[in-house]
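Each chain is listed here by its residues.
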Amino acid sequence: MTNVELVLNMLAETATTEISQKRKPSCLPENKKVAREGGSVAGNARKEIESKTGKKVVTSKNARKLKLVG
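About the criteria used
All chains use their own residue numbering, which begins from 1 and follows the written sequence. Where totals are concerned, whole chains, interfaces and linings use all residues; where local detail is concerned, this predicted model gives features only for residues with pLDDT of at least 70, and gives and counts side-chain atom pairs only at 80 or more. Hydrogens and water molecules were not included; the side-chain quantities draw on all heavy atoms of the structure. Think of it this way: any DSSP run of H or I at least four residues long counts as a helix, any run of E at least two long counts as a strand, and we number them from the N terminus. Burial status follows relative accessibility: with a 1.4 Å probe on protein chains alone, a residue under 20% of its type maximum counts as buried, one over 50% as exposed, and anything between as partly exposed. The criterion used for residue contact is that any of the two residues' heavy atoms lie within 4.5 Å. Any helix carries an expected span of 1.5 Å times its number of residues minus one. Every axis corresponds to a line fitted to the C-alpha atoms, with the helix fit spanning only the stretch in contact, and the corresponding angles, defined between N-to-C directions, vary from 0 to 180 degrees. Two helices crossing with the near one rotated counterclockwise from the far one by less than a right angle form a left-handed crossing, whereas a clockwise rotation gives a right-handed crossing. Polar here means any residue outside two lists: the nonpolar Ala, Val, Leu, Ile, Met, Phe, Trp, Tyr, Cys and Pro, and the charged Asp, Glu, Lys and Arg; Gly therefore counts as polar.

Colleague: Describe in detail the overall build of the chain, supporting the description with residues and values.
Modeller: When helices and strands are tallied, the chain shows 2 helices and 0 strands. Within the chain, the fraction of its 70 residues that count as buried is 19%. A separation of at least 24 residues holds for 60% of the contacts in the chain among residues at least 6 apart in sequence.

Colleague: So, unusual backbone geometry: which residues are in play, and what are the values?
Modeller: Phi at Lys24 takes a positive value of approximately 50 degrees, unusual for a residue other than glycine. Mapping Lys24 onto the fold places it in the loop between α1 (3-23) and α2 (28-53).

Colleague: Before we move on, can you summarise α2 with the specific residues and values?
Modeller: With 26 residues, α2 extends 37 Å between its outermost C-alpha atoms, agreeing within 8% with the 38 Å of an ideal straight helix rising 1.5 Å per residue. Regarding α2, the residues found buried are Val34, Gly38, Ala42, Gly43 and Glu50. Looking one or two residues beyond α2, the residue adopting positive phi is Gly54, at roughly 75 degrees.

Colleague: How would you summarise the packing of α1 against α2 if you had to cite specific residues and measurements?
Modeller: At a closest axis distance of 8 Å, the pairing of α1 and α2 adopts a crossing angle of 145 degrees. Relative to α2, α1 is oriented so that their crossing is right-handed. Of the residues in α2, those touching α1 at Val4, Leu8, Leu11, Ala12, Ala15, Thr16, Ile19, Ser20 and Arg23 are Val34, Ala35, Glu37, Gly38, Gly39, Val41, Ala42, Ala45, Arg46 and Ile49. Residue classes in the contact of α1 with α2 are distributed as 12 nonpolar, 4 polar and 3 charged.

Worth remembering: the numbers are spatial, not functional.
So, in structure tokens, the structure goes:
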């Protein structure tokens, strides 16, 4: 997993949380819709990055092997 993959994952989670707080879904179907919309935000960002760089964002790298600065 690359830094870009981690950031996109965080973007999806954050977008989903923000949408959920705004809409306050009350049932599973509503929560699923919110989750799809949050994922869509990150998916669109991924496509844009791939378009601008000409290379794929998703890799087969494992997050456990990623060297994080800390």
